[in-house]
Amino acid sequence: MRAAVVVRPAVGDDLPGVAVLCAEARRESAAGPQVCLSDESKLVRQLSVLLAVPGGSILVAFQDDVPVGFLLARALEPHIFNDEPSLYIEALYVSQDARRRGVGHALLTATAELAAQNGAVDVFSVPIPGSRGVQRFLARLGFAPAAGHRVVSTSVLQRRLAADSGTSRRGTRGLEDLIARRRKARTEGQTGPVDLRAFQEDLRESTAPLVSETAAR
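Keep in mind that this is a model prediction, so the values were computed, not measured.

So, how was this worked out
Residues numbered from 1 in each chain as written. Predicted model: local features only at pLDDT ≥ 70, side-chain atom pairs only at ≥ 80, totals over all residues. Heavy atoms only, no water. Helix = DSSP H or I, 4+ residues; strand = E, 2+ residues; numbered from the N terminus. Buried < 20%, exposed > 50% of the residue type's maximum accessible area, 1.4 Å probe, protein only. Contact = heavy atoms within 4.5 Å. Areas by Shrake-Rupley, 256 points an atom, 1.4 Å probe, with all protein chains shown as cover. Pairing = 2+ DSSP bridges. Axes fitted to C-alpha atoms, helices over the stretch in contact; angles between N-to-C directions. Salt bridge = Lys/Arg side-chain N within 4 Å of Asp/Glu carboxyl O. Patch = residues over 30% accessible without salt bridge, like charges linked within 9 Å, V, L, I, M, F, W, Y side chains within 5 Å. Polar contact = N/O pair within 3.5 Å; in protein donor to acceptor, adjacent residues only side chain to side chain. Lys, Arg positive; Asp, Glu negative; His and termini not counted. Charge placed at Lys NZ, Arg CZ, Asp CG, Glu CD. Expected span 1.5 Å × (residues − 1).

Caption draft 1: Quick look at the overall build of the protein. Regarding its fold elements, the protein presents seven helices and five strands. Each helix and strand of the protein, placed in order from N terminus to C terminus, yields the pattern β-α-α-α-β-β-β-α-β-α-α-α. Out of the 217 residues in the protein, the part that is buried amounts to 27%. Taking contacts inside the protein between residues at least 6 apart in sequence as the whole, the part at least 24 apart equals 58%. As displayed, the protein has an accessible area near 15,300 Å², and 55% of this comes from carbon and sulfur atoms.

Structure representation (C-alpha cells):
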C-alpha cells in the first residue's frame, strides 16, 4: 500500500533534506546555476533566510517520513506593482522517484490554504527553468502566463555595459569631430572684405627705420 503524502511547514531540522532536493533539482535542470547553488551547506543557510523573511514559507512533502518534495513561497503585501496581497511561489519540486503520486497536488493544496490565510488574491509561480512537466501541471490547475523573466550573470552584464558605453562614446566623438571639420571648412571657405589695418600698421612700423636712414643720406 502506498504511503500517504504529508505536507507541513518546514522547521530547522528539515532544511538539510530540502537542500538535498534543491541540489537534485539543480542537476535535473538544463539551467542548473539559475536554480540554486550546488553547495548544500550554503543552501541550508539560504533556506534559513527565507524562513526568517516576513511572509516566507517552506512547505515539505513527506512519504514514510522521507522528504520527497518542497515548495518555497512568500506572502506579499500590496506593493507598487500589485494593489492586492498575493502569494509568490519561488520554487516547486518533486523528487523523480515520487512523481505521479499526488505529491505536487498535496503541496499546491497546502499552498492554496496558505494563500487564503494571508488574504492573497493571486498565486504567482515561477517554474524551475526547463521543467516542462511542472509547467503543464500548473497549467492544468489554472495557472496562466503572467510575465516572463530574463536572466544574465553580473559579470556578463558589466562587460556588456562597458562595451556598450565605449561604443556610445566613440560614436559621440565621431559626430563631434565631423561637426568640427564641417565648421572649419565653412570658415576657411568664407569670402568677403579683409581687414588690412593691422597688417598695414605692422608694415609701417617695420619700414620706418629704412625711411629715416634714406632721408639721412
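Caption draft 2: Representation of the side chain of Ser95. Here Ser95 is to be found in the loop between β4 (86–94) and α4 (103–117). Ignoring sequence-local partners within four residues, the contact set of Ser95 consists of Leu21, Glu24 and Val68.

Caption draft 3: The arrangement of the sheet that holds strand β5 (residues 122–125) in detail. Read across the open sheet, the five strands follow the order β1-β2-β3-β4-β5; overall the sheet is mixed. Here the strands that pair on one side only, and so sit at the sheet edges, are β1 (6–9) and β5. Put simply, the sheet's adjacent strands are angled 25 degrees from each other on average, direction ignored. Sheet topology places β1 next to strand β2 (residues 56–63); four bridges connect them, and they run antiparallel. Directly across from Val7, in β2, lies its bridge partner Ala61.

Caption draft 4: Highlighting the pattern of salt bridges. Evaluation of the coordinates by the stated rule reveals two salt bridges. In this structure, Arg8 engages Asp14 in a salt bridge whose closest nitrogen and oxygen atoms are separated by 2.6 Å.

Caption draft 5: Region of the structure containing a nonpolar patch on the surface. There is a patch of nonpolar side chains on the surface, built from Val152, Leu157 and Leu161 and spanning about 270 Å² of accessible area. With respect to the element layout, Leu161 can be found in helix α6 (residues 154–188). The class of Leu161 is exposed, set by a relative accessible area of 53%.

Caption draft 6: Local environment of the side chain of Glu24. Inspection of the secondary structure puts Glu24 in helix α1 (residues 15–28). Overall, the relative accessible area of 19% leaves Glu24 in the buried class. A polar contact of 2.7 Å, which involves the side chain of Glu24, links it to the side chain of Tyr93. Of the polar contacts made by the side chain of Glu24, one reaches the backbone nitrogen of Gln96; its length is 3.3 Å. In this structure Glu24 touches Tyr93, Ser95 and Gln96, once residues within four positions along its chain are discounted.

Caption draft 7: A positive patch on the surface, seen in detail. Together, Arg100, Arg132, Arg136 and Arg140 make up a positively charged patch on the protein surface. As for its placement among the helices and strands, Arg132 is situated in helix α5 (residues 132–140).

Caption draft 8: Looking closely at α1. Helix length check: α1 (14 residues) gives 20 Å between terminal C-alpha atoms against 20 Å at 1.5 Å per residue, within 8%. Considered for burial, the residues of α1 that qualify are Leu15, Val18, Ala19, Leu21, Cys22, Ala23, Glu24 and Ala25.

Caption draft 9: Representation of unusual backbone geometry. Positive phi outside glycine occurs at Asp64, with the angle close to 55 degrees. Position of Asp64 among the secondary structure elements: in the loop between β2 and β3 (66–76). The residue Asp65 is not glycine, and still its phi comes out positive at about 65 degrees. Position of Asp65 among the secondary structure elements: in the loop between β2 and β3.

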